[in-house]
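Read off the chains here:
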Amino acid sequence: MRTGLKACLTLLMMLAAGCDQGPWNNPYPASESGKPIYYDMFSERPKHLDPITAYSSDEYQFIAQIYEPPLQYHFLKRPYELTPLTAKEVPEPVYYDEAGNRLPEDADAERVAKSVYLIEIQSGILYQPHPAFAVNEQGEYRYHDLEKADLAGIQRLSDFEHTGTRELTAADYVYQIKRLAHPRLHSPIAGLMSKHIVGLPELIEILQAHPGTMSDTRFLDLRDFGLDGVRVLDRYTYEITIRGKYPQFVYWLAMPFFAPMPWEAERFHNQPGMAERNIVLDWYPVGTGPFMLTENNPNLRMVMHRNPNFRGEPYPAEGMTGDREAGLLDDAGKAMPFIDKAVYSLENESIPAWNKFLQGYYDVSAISSDSFDQAVRFNAQGNAELTAEMKDKGIDLLSAVTTSTYYIGFNMLDPVVGGYDEKSRYLRQAISIAIDIEEFVSIFQNGRGLAAQGPIPPGIFGAREGEAGVNPYVYNWNGREPERKSIETARELLARAGYPNGRDRETGQPLTLYYDALDRGPDSKALNNWYIKQLNKLGIRLVIRSTDYNRFREKMRKGTAQIYFWGWNADYPDPENFLFLLYGPNGKAEYNGENSSNYANPEFDRLFEKMRNMDNGPARQELIDRMVEIARRDAPWLWGFHPVAFSLNHQWYQNAKPNLMANNTLKYKRIDGELRQDLRAQWNEPVIWPLVTLIVLIVIAFIPGIIVYRRRERSAAV
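Remember, it's a predicted structure, so these values are computed and weren't measured experimentally.

1. Quick word on the pattern of salt bridges
Working definition: two side chains of opposite charge can pair if their charged atoms are close together. Inspection of every chain in the model, using the stated rule, returns 35 salt bridges. One salt bridge connects K356 with E347, and the closest N-O pair in it is separated by 2.8 Å. With its nearest N and O atoms 2.7 Å apart, the salt bridge here joins R464 to D625. With R464 in the loop between strand 19 (449–451) and strand 20 (475–477) and D625 in helix 19 (residues 618–634), this pair connects stretches of sequence that are 161 residues apart. Using a relative accessible area of 28% as the deciding quantity, one classes D625 as partly exposed. Taken together, the shared-partner salt bridges in this structure form one network comprising D50, R179 and E266.

Okay, here's the thing in structure tokens:
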């Protein structure tokens, strides 16, 4: 009995001690408390960490902090603006004609035979510590000629005893561009870039024919192969030659595809036994950026630490109106990064992730449908604002219209909804009015969307604001905002199209249309019923043809779908990247392009060919306005919506501003670790009174037994 009582007292002492050591539910080591460490989550395992093959947001959130292309997007300025990263300045293309004569900057695209981009990088930039750079006393690489036997005891990159570094050079950028041609690497932009970079198609052919190209373990030194359009001029300067005029190429220089790759890294990782241990570039990035990947366990967590060799980049000194008042320029000129470590934990379920955010164990959070009502409400003006619970915790809401567009498309090859005569246009315009996109956004997007007036999202050059940006075929301007035309207007258009009250004027038969939809299980039923209800307003019968993804893609490729839902995310912030979705020679059915509606208007195409290679300015804006007017009139799309991204962050997270083009934003984040520690303790105070009560009851229960026991002992002694 004494033992039981002693155990209870010991437990009480442990509880008291535990209260002094922070929250019991803290998933992180106590040693990290109060430190400038960033905590976030990820839900999709990154498939590729090699910048030549990676091409998704779940991969870029890691590699963009490690690899540094020559350019980046300004963190604060809108519209999005390119600025130097490792380059000394944003390169301006120099144009030449067929005879090699230099042309003026405003030369028409028809005269330009080639464009040359001269890129000079900064000196003194160092790579992160890595075994690929380790050398011995004689200056020889320690780990470049390994055999399988040399890897005994090596299971991960950190098992190598020695590391080294070296300076970034222009040759590293050229080496990476050559990797686009390597058939074993399967770069997703190799085909596109081969249309633009001089000599790249020829290098692809050479490497495909080379006997060592497809060997998984053999190092193919790309320094031994030439690339006519990409040359090293000196240690810090290289040039890229592009066919014709392609102003959008400069945006690609801000993507990881054009980040540097040291040849030493490829040689190191392409040695016998490395692939079996997963010590490959697709698993262990090698960069010059502010962070380096120190733990890669995609089934549990990913960890990045500050790169000790990073040069320190100054925080921007300029921003937009309101940025200074919002505290976004408080760190102007200070050296980045501001955090020492970033920990990303795998979260497969939204509810546990949401709860951890509310407990303070994640610094930021998206808002899932399950938690939307708990986090956000819409006021009388229709604006999103935080709930009282979120405000009480000091949580901030950030929102931004994404550089994306989602639309309902009409197949212009279809005999009913397609075509370019007046009746076909009236039919598509009537449907565009009847399908209430604002209602769609409210019901199915939790209000997180902006009804589109055309193909170009806000924030991209060419998009008009206010009354000038309204689609007059679907909306009226009420003096403050666009207002959807009445259903009576839609019915009048339908009658002019030859379908009064939804019936064919000649046959008297009801008009039946077909919506080709992806089958997403039970969740699709409500959405499909909503579409049917929308067209019922016009007396049109809508038949849903659900199918799986592969069959849907086949229908789109063959041009057999009638009405469909599709979307596009910008590769770069230029109107060409959206308007090309309606360019005739990009038709999906005939050319396997991205023009899924197979729209082909000769005037639109002519204007596109002139507009796409122009520099931004009044002349380009005028052409864009004419193109958008043509597309609105023809209505190959029901313009749909541009998603609005909502995110939440705690009050200890600073320098929070959405940037939907930049991926390398970890370096800007600042964390007040001490404030976070204090608030975590407040929000996660253990509720121990039930346990204490139980222990007290147990102690009380022991007392009678103790009394009886002591009496027996005394009796025995007497």
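On we go.
2. Digging into the packing of aromatic side chains
Inspection of the entire model under this criterion finds 44 aromatic pairs. With a centroid separation of 3.9 Å and 25 degrees between ring planes, the pair formed by Y28 and Y39 is classed as stacked. Highlighted residues: Y28 in the loop between helix 1 (2–19) and strand 1 (37–42) and Y39 in strand 1, separated in sequence by eleven residues. Of the residues examined, Y39 reaches a relative accessible area of 0% and is grouped as buried. Residues Y407 and W637 carry aromatic rings whose centres are separated by 3.6 Å and whose planes lie at 5 degrees to one another, so their mutual orientation is stacked. Taken together, the positions of Y407 in strand 18 (residues 404–410) and W637 in strand 25 (residues 637–649) put the pair 230 residues apart, joining distant regions of the chain. A single burial state applies to Y407 and to W637, both of which are buried. Lying across the ring of W683, K393 places its NZ or CZ 3.8 Å from the centre. In this structure, R670 is placed above the aromatic ring of F338, and the distance from its NZ or CZ to the ring centre is 4.1 Å.

3. Concerning the pairing of strand 13 (residues 341–346)
Burial analysis of strand 13 places five of its six residues in the buried class, the great majority of the element. Where strand 1 and strand 13 come together, six bridges link them in parallel fashion. Across the sheet, F42 pairs through a bridge with L346, a residue of strand 13. Bridge analysis of strand 10 (residues 301–306) against strand 13 gives five bridges, and the strand direction is antiparallel. Each residue of the ladder has a partner; that of R301, found in strand 13, is S345.

4. Some details on the packing of helix 11 (residues 422–434) against helix 13 (residues 487–496)
If you want to describe how two helices pack, look at the angle between their axes and the distance between the axes. For the pair helix 11 and helix 13, the least separation of the axes is 8 Å and the interaxial angle reads 160 degrees. In terms of orientation, helix 11 lies roughly antiparallel with respect to helix 13. Between helix 11 and helix 13 lies a crossing of left-handed hand. When helix 11 is examined against helix 13, the residues K423, Y426, L427, Q429, A430, I433 and A434 are found in contact with a partner set consisting of I487, T489, A490, L493, L494 and R496. Considered class by class, the residues forming the contact of helix 11 with helix 13 number nine nonpolar, two polar and two charged.

5. Some remarks on the nonpolar core
Of all hydrophobic cores here, the largest spans 80 residues; its most connected members are I197, F249, W252 and F258. The element best represented in this core is helix 3 (residues 170–179), accounting for five residues. Apart from the residues within four sequence positions on either side, W252 is in contact with Y55, I189, L192, M193, Y246, F257, F258 and Y572. Counting 35 residues, the second largest nonpolar core, distinct from the first, contains I408, F410, A451 and Y531.

6. So, the sheet that holds strand 13
Strand order in the open sheet made by the four strands is 1-13-10-9, with mixed pairing throughout. Edge positions in the open sheet fall to strand 1 and strand 9 (291–297), since each of these has one partner strand only. Neighbour-to-neighbour, the strand axes of the sheet open up by a mean angle of 15 degrees, direction not taken into account. In the sheet, strand 9 pairs with strand 10 via six bridges, with the strands oriented antiparallel. From the neighbouring strand, N297 faces strand 10, where its bridge partner is R301.

7. Description of helix 15 (residues 549–558)
Among the residues of helix 15, F552, K555 and M556 are the ones counted as buried. What you see down the axis of helix 15 is that its buried residues fit within an arc of 95 degrees, all on one side. Taken together, the buried residues of helix 15 touch strand 22 (512–518), strand 23 (541–547), strand 24 (563–569) and helix 17 (588–591). Following helix 15 by one or two positions, G559 adopts a phi angle in the positive range, close to 75 degrees.

8. What to know about the sheet that holds strand 5 (residues 102–103)
With antiparallel pairing, the five strands of this open sheet are ordered in space as 5-4-6-8-7. The open sheet is flanked by strand 5 and strand 7 (230–234), the only strands paired with a single partner. Helix-sheet contacts for helix 3 involve strand 7 and strand 8 (237–243), and the interaxial angle to strand 7 is about 175 degrees.

9. Here's the deal with the side chain of D323
Following the sequence through the fold, D323 ends up in the loop between strand 11 (313–314) and strand 12 (335–336). Residues within four places of D323 in sequence aside, it is in contact with L76, L328, L329 and K657.

Calculation notes
Counting of residues starts from 1 at the beginning of each chain's written sequence and follows it residue by residue. Two thresholds apply to this predicted model, a pLDDT of at least 70 for residue-level local features and 80 or more for giving and counting side-chain atom pairs, whereas whole-chain, interface and lining totals are computed over all residues. The basis for every side-chain value is the complete set of heavy atoms in the structure, and neither hydrogens nor water enter the calculation. One side-chain nitrogen of Lys or Arg within 4 Å of one carboxyl oxygen of Asp or Glu is enough to make a salt bridge. For the purposes of this entry, the term helix denotes a DSSP run of H or I that reaches at least four residues, the term strand denotes a run of E that reaches at least two, and both are numbered from the N terminus. Burial status follows relative accessibility: with a 1.4 Å probe on protein chains alone, a residue under 20% of its type maximum counts as buried, one over 50% as exposed, and anything between as partly exposed. For Phe, Tyr and Trp, where Trp contributes only its six-membered ring, two rings pair if their centres lie within 6.5 Å, and the inter-plane angle classes them as stacked under 30 degrees, edge-to-face over 60, or tilted in between. We count a charge as sitting over a ring when the NZ of a lysine or the CZ of an arginine lies within 6 Å of the ring centre and within 35 degrees of the ring normal. A pair of strands is labelled paired if DSSP reports no fewer than 2 bridges between them. Note on geometry: axes are C-alpha line fits, over the in-contact stretch for helices, and angles between N-to-C directions span 0 to 180 degrees. For this classification, under 35 degrees means roughly parallel, over 145 means roughly antiparallel, 65 to 115 means roughly perpendicular, and everything else is oblique. Left-handed describes a crossing in which the near helix is turned anticlockwise from the far one by less than a right angle; the clockwise case is right-handed. Should any heavy atoms of two residues lie within 4.5 Å, those residues are counted as being in contact. Charged means Asp, Glu, Lys or Arg here, nonpolar means Ala, Val, Leu, Ile, Met, Phe, Trp, Tyr, Cys or Pro, and polar covers whatever is left, Gly included. The criterion is simple. A nonpolar core is a set of buried Ala, Val, Leu, Ile, Met, Phe, Trp, Tyr and Cys residues joined through side-chain atoms within 4.5 Å. The arc in question is the one spanned by the directions pointing from the helix axis to the C-beta atoms.

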